[in-house]
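Chain by chain, the residues:
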There are 2 protein chains.
Amino acid sequence: MPENLIASTPSAYSYPLLVRQLLTNSLSLYGDQEITYRGEVRYAYRDFRRRVGQLASALDALGVRHGATVAVMDWDSHRYLESYFAIPMMGATLFTVNVRLAPSQIVYTLNDSQAETVLVHIDFLPMLDAVKNELTCVREVIVIADGQTVPTTGWMIAGEYEELVGRASPDYAFTDFDESTTAATFYTTGTTGDPKGVYYSHRQIVLHTMASAMALCSPRAGQRIHREDVYMPITPMFHVLAWGMPFVALTLGLKIVLPGRYVPGDLLELKLSEGVTFSHCVPTILQMLLNAADASGHDLSDWTMIIGGAKLPPALCRAATSKGMDVFAGYGMSETGPIVALAQIPPGVTPADADDDVRWRAHTGRPVPFVDFRVVDSEMHDVPRDNETQGEIVLRAPYLTQGYTRRPDASEELWAGGYLHTQDVAVVAPDGSVQIVDRIKDVIKTGGEWVSSIGLESLICELPGVQEAAVIGVKDEKWGERPMAFIVLGSEEKVDANEVRRHLLAHVDSDALSKYAVPEADRIVFVDVIPKTSVGKFDKKMLRAQHD
Amino acid sequence: MPENLIASTPSAYSYPLLVRQLLTNSLSLYGDQEITYRGEVRYAYRDFRRRVGQLASALDALGVRHGATVAVMDWDSHRYLESYFAIPMMGATLFTVNVRLAPSQIVYTLNDSQAETVLVHIDFLPMLDAVKNELTCVREVIVIADGQTVPTTGWMIAGEYEELVGRASPDYAFTDFDESTTAATFYTTGTTGDPKGVYYSHRQIVLHTMASAMALCSPRAGQRIHREDVYMPITPMFHVLAWGMPFVALTLGLKIVLPGRYVPGDLLELKLSEGVTFSHCVPTILQMLLNAADASGHDLSDWTMIIGGAKLPPALCRAATSKGMDVFAGYGMSETGPIVALAQIPPGVTPADADDDVRWRAHTGRPVPFVDFRVVDSEMHDVPRDNETQGEIVLRAPYLTQGYTRRPDASEELWAGGYLHTQDVAVVAPDGSVQIVDRIKDVIKTGGEWVSSIGLESLICELPGVQEAAVIGVKDEKWGERPMAFIVLGSEEKVDANEVRRHLLAHVDSDALSKYAVPEADRIVFVDVIPKTSVGKFDKKMLRAQHD
């Protein structure tokens with residue numbers, strides 16, 4: 001079979017997809033566009049580009065070369081944005097350190113990343129000092145004073161960020177290289193085990209930018225971004241590259257507002273003073289913004305906001321829309337770029353009422369272009385689109401992490417069967433909209449069906465007298481697994497296993513529950529207390545260990 | 001220097017950018033969306049996908065394999081759209097034959113493409129019959145009867161399109177292959193020489209789709225495409241892949257209306273009956289649509305239309321906007337994918353009045369994302385952005401043809417210095433907007449400046465008594481080139497060279513013309529007639545030959 005690849009004349013430019021190219025159009029058309037840090041520092045895109053060159057020159061002078069890793073520990077700032085571009089554009093790897101992790105985990109990730117140079121805000125310098133002896137690779141730090149005095153430190157200080165950048169040459173010669181060069185890395189923390197490194201190439205960042213922009217720009221009206229928006233991230237820039245949105249904003253030429261450390265009152269002031277119209281955050285931050293606005297009387301209207309990181313509670317969504325915010329959920333993970341679905345109201349759909357509107361905005365979402373988004377059973381067959389049959393979300397997209405750093409087993413598990421396994425269990429509606437119902441480790445696979453332990457727990461808790469309920473799957477020779485329920489009753493309450501079964505069977509009769517989901521009477525156990533983890537969640541690992 | 005490419009775990013899916021992937025999201029979310037041919041044939045995206053599989057199976061049964069070239073000669077139809085996907089998705093090359101060329105040129109392009117199979121509408125079958133003996137590669141034809149009777153033909157008929165597709169299996173197993181595989185080819189015809197083949201890979205088509213969609217979706221309002229648009233091409237599907245817009249429309253999940261042969265009255269009826277909101281065409285067609293609507297009273301409002309292929313005359317633009325059309329120019333060539341610039345009104349700009357509005361819509365345009373769009377002098381230095389200094393438009397983008405088929409010299413000339421040379425001469429405004437002023441072969445390079453022959457001709461024609469004027473560059477030892485003007489006066493008119501110079505020098509005084517642009521008196525020649533080509537243009541080649 002002839003390969004039939006296109007032939008390139010020797011002088012032709014093949015155009016690798018590099019982070020540098022995200023700036024091409026913006027610098028040509030929007031050189032005057034503003035970037036501001038808290039309204040205190042303000043400069044134009046053309047100044048940004050000059051500073052990116054200066055930062056690269058400064059890093060180069062410190063010995064940072066193609067293939068090196070440079071760690072950043074900062075609040076959301078113009079410095080972070082400069083790092084997003086300068087470090088990858090040099091062919092080096094940007095490591096965005098999660099400054100919210102425990103010091104021991106920060107030590108682990110810094111050592112694992114092999115970063116030798118760290119850009120560190122003075123707020124984090126005491127912590128770095130405290131763990132200095134445990135850090136095996138870091139050689140030197142560039143201190144970000146942010147207008148304050150640099151404290152004493154045991155580290156070798158290569159310089160203060162503004163000083164280093166200010167005196168460096170803007171004319172660093174950025175060159176082309178392979179688009180599969182690593183551009184960025186960071187760590188994902190599960191509930192158990194060490195953090196795992198994910199990584200993205202230049203090509204992947206560019207394609208995530210393009211696909212996300214297509215998804216976000218294309219709605220007729222609402223739940224969209226456009227060229228006249230003013231962008232402010234409220235998901236930290238260390239967290240999955242702020243969902244990749246700074247790249248989208250710069251590529252579209254938007255005014256960018258970087259808010260520093262998140263203080264709800266400051267964020268509301270910046271929204272007002274800088275005219276912010278587009279942001280993204282987690283539900284907790286949204287709740288804080290609503291509370292702060294209630295107290296201060298700030299206007300929240302004309303603010304489009306993607307909510308991700310955790311399920312958007314309908315009541316919170318309703319509270320936000322009732323204040324004129326255009327909020328909607330986004331779905332993704334550290335491993336997925338991250339954006340793979342957005343809860344945009346579909347073309348042609350007009351929500352019937354406020355509840356319906358909230359349902360659309362708060363559901364898991366609809367896949368963005370180029371994402372092969374499947375919900376599959378254990379044999380990797382697509383589940384029917386009946387909004388009922390559960391399966392795991394598995395993905396292909398041009399920008400998913402291709403593994404975990406130096407973790408071959410976990411990498412293969414992630415990509416089993418050629419699809420990235422999210423471990424999220426979901427149902428699909430006939431129109432392709434997806435709703436997550438559970439995490440796969442909490443799903444019970446019985447008789448070929450998937451039963452949500454969380455769903456079962458909610459139903460059991462409906463029964464008067466039940467205080468709390470935890471459901472796990474236990475091995476069963478005939479059915480593979482069977483559900484087992486642990487129930488705590490209120491004091492003085494009397495409920496027996498048959499009552500629980502009768503209650504659940506009523507839901508089976510009304511088609512709300514599969515008959516396979518009802519535990520046998522001897523698998524309904526009343527206990528005084530359910531073991532919990534340090535963060536207060538049911539410790540199902542312990543329950544399983546005790547009863548498997 | 002360490003390469004530092006991202007590592008892929010063996011099971012990871014690397015996601016090549018293939019034409020097939022343009023359908024992924026649409027089929028998942030918009031399976032019910034409509035595609036109609038003239039309102040007479042109508043089916044859903046999911047049917048489209050099935051027919052794409054059937055067409056591939058039918059072609060496979062005829063021996064079409066990865067690497068083969070399949071030619072298509074059809075009006076704009078669902079069949080053409082099926083070919084846009086099925087043929088590249090098989091790993092074969094789609095050759096879109098320009099059915100408007102002279103038969104001898106069609107013979108040349110069919111032979112040069114080495115296509116063995118031709119899908120041909122019966123309207124073009126007599127022509128193919130007439131040149132049968134000259135075609136060296138074509139083995140067989142698939143006849144598109146389009147509901148009519150198949151005429152007798154000397155060709156081996158492999159079958160009728162609908163019959164072949166109808167009985168073939170939809171389950172053709174499309175596989176992945178290298179994203180640099182050739183997906184499509186077609187020919188560009190200059191004023192001299194044989195047509196030259198350009199070609200695009202899967203990756204290039206996908207990236208053109210993404211970049212065009214970003215540019216077209218991102219405006220706040222106006223001059224945009226969105227998910228609820230209804231798309232109808234009015235640039236033939238054989239012409240630069242209908243500017244790539246069918247790929248954009250399918251990727252966004254739009255309703256698609258394929259109008260068959262362009263008949264103005266039919267196009268207006270389809271606009272009305274199918275609710276078309278987004279199209280693209282050349283100025284001539286726009287004029288025909290306006291004329292037809294004047295006669296028939298059809299409403300043209302809510303119709304967004306990109307105008308390309310030739311300069312959009314301001315008066316025509318005004319006529320269209322006054323009827324409520326949202327028209328704007330697009331710029332590109334067969335060699336460029338094609339879309340590299342769009343005349344969208346920039347963010348934040350509100351046109352001062354109707355004239356200003358037309359000026360924005362009818363200018364050459366503003367570069368689309370990812371296009372490195374430069375206007376350079378002969379030494380490849382960017383010209384100043386003064387809206388005055390002329391230079392050639394040279395380009396880099398992720399989707400420019402990497403050469404001409406089997407034309408190494410022309411390919412190297414196209415890509416001299418690593419940029420694609422458009423041979424269009426333009427000026428750039430401070431905001432990055434571009435206006436073409438000339439073709440490079442008609443520009444006179446004198447004393448380091450570029451003088452537009454067309455501009456000079458217009459100025460000379462302003463002088464009372466001048467009937468027509470042609471300007472060429474002639475060699476000059478000191479200045480490189482000097483302009484030379486050939487002027488035809490009206491009968492009875494008397495104008496001398498000094499009057500012409502005085503007239504031009506007045507424009508120099510008012511800064512409208514460079515002093516280098518004024519020809520010496522002995523290079524202003526009065527003639528009875530200026531030689532013309534067969535299509536009525538000045539034959540500057542002959543003028544140069546006579547006077548160099």
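Residues numbered from 1 in each chain as written. Chains lettered and ligands numbered in written order. Predicted model: local features only at pLDDT ≥ 70, side-chain atom pairs only at ≥ 80, totals over all residues. Heavy atoms only, no water.

As recorded by an unreviewed UniProt entry, chain A carries the name Fatty acid--CoA ligase and is attributed to Tsukamurella soli.

1. Structural notes on the overall build of chain A
Inclusion rule: Secondary structure elements follow DSSP: runs of H or I of four or more residues count as helices, runs of E of two or more count as strands, with numbering from the N terminus. All radius of gyration figures rest on C-alpha atoms, and the globule criterion is 2.2 Å times the number of residues raised to 0.38. Only protein chains enter the accessibility calculation, which uses a 1.4 Å probe; a residue whose area is less than 20% of its type maximum is buried, one above 50% is exposed, and one in between is partly exposed. The contact rule is simple, with two residues in contact once any of their heavy atoms fall within 4.5 Å.
Within chain A, the secondary structure is distributed over 17 helices and 25 strands. In summary, chain A has a C-alpha radius of gyration of 25 Å against a globular reference of 24 Å for 548 residues, a match within 12%. By residue count, 61% of the 548 residues in chain A fall in the buried class. A separation of at least 24 residues holds for 67% of the contacts in chain A among residues at least 6 apart in sequence.

2. Notes on the pattern of salt bridges
To keep it simple, the criterion reads: A carboxyl oxygen of Asp or Glu within 4 Å of a side-chain nitrogen of Lys or Arg is what we treat as a salt bridge.
For the coordinates displayed, the defined rule picks out 70 salt bridges over all chains. Residue R51 of chain A pairs with E162 of chain A through a salt bridge whose shortest N-O separation is 2.9 Å. Highlighted residues: R51 of chain A in helix α2 (residues 45-61) and E162 of chain A in helix α6 (residues 161-167), separated in sequence by 111 residues. Note on R51 of chain A: relative accessible area 12%, which makes it buried. The class of E162 of chain A is partly exposed, set by a relative accessible area of 33%. Note that E82 of chain B and R51 of chain B form a salt bridge whose closest N and O atoms lie 2.6 Å from each other. Here R51 of chain B lies in helix α2 (residues 45-61) and E82 of chain B lies in helix α3 (residues 78-89), a separation of 31 residues in the sequence. Judged by its relative accessible area of 0%, E82 of chain B is buried. Salt bridges here are not isolated pairs; linked through shared partners, they connect E34, R42, K255 and E274 of chain A.

3. Structural notes on the sheet that holds strand β8 (residues 182-188) of chain B
All names here are of chain B. Counted only if it meets this: Pairing between strands requires that DSSP locate at least two bridges from one strand to the other. Under this scheme, a helix contributes an axis fitted over its contacting stretch, all axes are lines through C-alpha atoms, and angles between N-to-C directions fall in the 0 to 180 degree range.
The seven strands are arranged β7-β6-β5-β3-β4-β8-β9 in an open sheet whose pairing can be described as mixed. A strand with exactly one partner marks an edge of an open sheet, and here the two such strands are β7 (157-160) and β9 (196-201). Pairwise comparison of adjacent strand axes, ignoring direction, gives a mean angle of 20° for this sheet. Sheet contacts for helix α7 (residues 202-217): β8 and β9; angle to β9, the most-contacted strand, approximately 75°.

4. What to know about the sheet that holds strand β18 (residues 391-396) of chain A
Residue and element names in this part refer to chain A. Ordered in space as β17-β18-β19-β20, the four strands form an open sheet in which the pairing is antiparallel. This sheet does not close on itself; its edge strands, each paired only once, are β17 (372-376) and β20 (434-439). Pairs of neighbouring strands in the sheet enclose a mean axial angle of 45°, with direction left out of account. Summarising the sheet, β18 and strand β19 (residues 420-428) pair through four bridges and their orientation is antiparallel. Across the sheet, E392 pairs through a bridge with V425, a residue of β19.

5. Regarding the relation of the copies chain B and chain A
Here is the rule we go by: When the copies are superposed, the least-squares fit takes in the C-alpha atoms of residues with a pLDDT of at least 70 in both.
For these two chains of identical sequence, chain B goes onto chain A by a turn of 180° and a shift of 0.0 Å along the axis, with RMSD 0.1 Å. The transformation relating the two chain copies, once decomposed into turn and shift, fits a two-fold axis. Mapped onto chain A, 100% of the interface residues of chain B are again interface residues, and the two copies thus contact each other with one and the same surface.

6. A word on the domain arrangement of chain A
Residue and element names in this part refer to chain A. Going by this rule: Note: domain ranges come from an automatic or database domain assignment. In short, buried area is how much 1.4 Å probe accessible area vanishes from two parts on joining, totalled over both.
When the domains of chain A are assigned, the result is domain 1 (41-195), domain 2 (203-439) and domain 3 (447-547). Each of domain 2 and domain 3 has a C-alpha centre, and these two points are 32 Å apart. At the interface, ten residues of domain 2 touch six residues of domain 3. Between domain 2 and domain 3 lies a buried interface of about 550 Å² when both sides are counted; carbon and sulfur atoms form 50% of it.

7. Some remarks on helix α11 (residues 283-296) of chain A
Residues and elements named next belong to chain A. This is how it is decided: By definition here, a helix of n residues has an expected span of 1.5 Å times n minus one.
With 14 residues, α11 extends 20 Å from end C-alpha to end C-alpha; this agrees with the ideal 20 Å at 1.5 Å per step. Of all the positions in α11, only P283, I285, L286, L289, L290, A292 and A293 are classed as buried. The elements touched by buried residues of α11 are α10 (264-274), β12 (278-281), β13 (303-307), α12 (314-321) and β14 (325-331). Within two residues after α11, G297 carries a phi angle of roughly 80°, on the positive side.

8. Examining the packing of α7 of chain B against helix α9 (residues 245-252) of chain B
Helix packing for two helices is described by the angle between their axes and how far apart those axes are. All names here are of chain B. What counts here: Comment on the angle field: the value is read as roughly parallel under 35 degrees, roughly antiparallel over 145, roughly perpendicular from 65 to 115, and oblique elsewhere.
Their axes nearest at 9 Å, the elements α7 and α9 cross at an angle of 75°. It follows from the interaxial angle that α7 and α9 lie roughly perpendicular. For the pair α7 and α9, contact is made by I205, T209, S212, A213, L216 and C217 and by M245, F247, V248, T251 and L252, respectively.

9. So, the packing of aromatic side chains
The following threshold applies: For Phe, Tyr and Trp, rings pair up if their centres lie within 6.5 Å, where Trp contributes its six-membered ring, and each pair is then called stacked (planes under 30 degrees apart), edge-to-face (over 60) or tilted (otherwise).
As enumerated under the stated definition, the model contains 22 aromatic pairs over all chains in all. Ring centres of F95 of chain B and Y187 of chain B lie 5.4 Å apart, and the angle between their planes is 70°; this geometry places the pair in the edge-to-face category. Remark: Y187 of chain B occurs in strand β8 and F95 of chain B occurs in strand β4 (residues 93-96); sequence separation between them is 92 residues. Judged on exposure class, the residue F95 of chain B and its partner Y187 of chain B are both buried. Taken together, F48, Y80, Y84, F85 and F247 of chain A form an aromatic cluster joined through their ring pairs.

10. Structural notes on the environment of C461 of chain A
Residues and elements named next belong to chain A. If you trace the backbone, C461 turns up in helix α15 (residues 453-461). Along the primary structure C461 and L489 are separated by 28 residues, whereas in three dimensions their C-alpha atoms are 9.7 Å apart. Among all residues touching C461, those that are not within four sequence positions of it are V466, E468 and A469.

11. Section: the side chain of T336 of chain B
All names here are of chain B. Note the threshold: What qualifies as a polar contact is a pair of N or O atoms within 3.5 Å, subject to a donor-acceptor requirement within protein and to the restriction that residues adjacent in sequence count only when both atoms come from side chains.
By the secondary structure assignment, T336 is in the loop between β14 (325-332) and β15 (339-342). Within the structure, the side chain of T336 is placed 2.8 Å from the backbone nitrogen of M333, a separation counted as a polar contact. Within the local environment of T336, its side chain forms a polar contact with the backbone oxygen of P338, the two atoms lying 2.7 Å apart. Here T336 is in contact with Y200, L395, Y399, L400 and L420, once residues within four sequence places are set aside.

12. With respect to the environment of D386 of chain B
Here D386 of chain B shows up in the loop between β17 (372-376) and β18 (391-396). The class of D386 of chain B is partly exposed, set by a relative accessible area of 33%.

13. Thoughts on the interface of chain B and chain A
The following threshold applies: Any residue outside Ala, Val, Leu, Ile, Met, Phe, Trp, Tyr, Cys, Pro, Asp, Glu, Lys and Arg is labelled polar, Gly included; the first ten of those are nonpolar and the last four are charged.
Each partner contributes residues to the interface: chain B has 77 residues there, and chain A has 77 residues. Carbon and sulfur atoms supply 57% of the area that chain B and chain A bury against each other, a total of about 6,900 Å² over both sides. Broken down residue by residue, the surface that chain B buries against chain A is led by I6, R227 and F370 of chain B, which jointly contribute 12%. At the boundary of chain B and chain A, one finds four salt bridges. A salt bridge links R220 of chain A to E228 of chain B, with the shortest nitrogen-to-oxygen separation between them at 3.4 Å. One can count 46 residue pairs in polar contact (both at pLDDT 80 or more) joining chain B with chain A. Top element by residues in the side of chain B that touches chain A is α7 of chain B. It accounts for ten residues. Residues that form the side of chain B that touches chain A fall into these classes: 36 nonpolar, 27 polar and 14 charged.

14. Quick look at the packing of α2 of chain A against helix α3 (residues 78-89) of chain A
Residues and elements named next belong to chain A. So the rule is basically this: What makes a crossing left-handed is the near helix being turned counterclockwise from the far one by less than a right angle; a clockwise turn instead makes it right-handed.
As a packed pair, α2 and α3 sit with axes 9 Å apart at the nearest point and diverge in direction by 65°. For the pair α2 and α3, the crossing hand works out as right-handed. Mapping the contact onto sequence places F48, R51, V52, L55, A56 and L59 in α2 and H78, L81, E82, S83, F85, A86, I87 and M89 in α3. Partitioned by chemical class, the residues of the contact of α2 with α3 number ten nonpolar, two polar and two charged.

15. Examining unusual backbone geometry
Residue and element names in this part refer to chain A. With an omega of 10°, the peptide bond between G337 and P338 qualifies as cis. One non-glycine residue, Q114, lies in the positive phi region at around 65°. Tracing the backbone through its elements, the reader meets Q114 in the loop between α4 (103-113) and β5 (117-121).

16. Remarks on the state of the cysteines
Spelled out, the test is: The definition used for a disulfide is geometric: two cysteine sulfur atoms within 2.5 Å.
A complete count under the given rule lists zero disulfides over all chains for this structure. C217 of chain B provides the cysteine sulfur closest to C217 of chain A, a residue in no disulfide bond, and the two sulfurs are 6.5 Å apart.

17. Comments concerning the pairing of strand β24 (residues 480-489) of chain A
Residues and elements named next belong to chain A. Along β24, eight of the ten residues are buried, which leaves the element largely enclosed by surrounding structure. Bridge count for strand β23 (residues 466-476) against β24 is ten bridges, and the pairing is antiparallel. Along β24, the bridge assignment pairs I472 with M484. Joining the antiparallel neighbours β23 and β24 is a turn of three residues.

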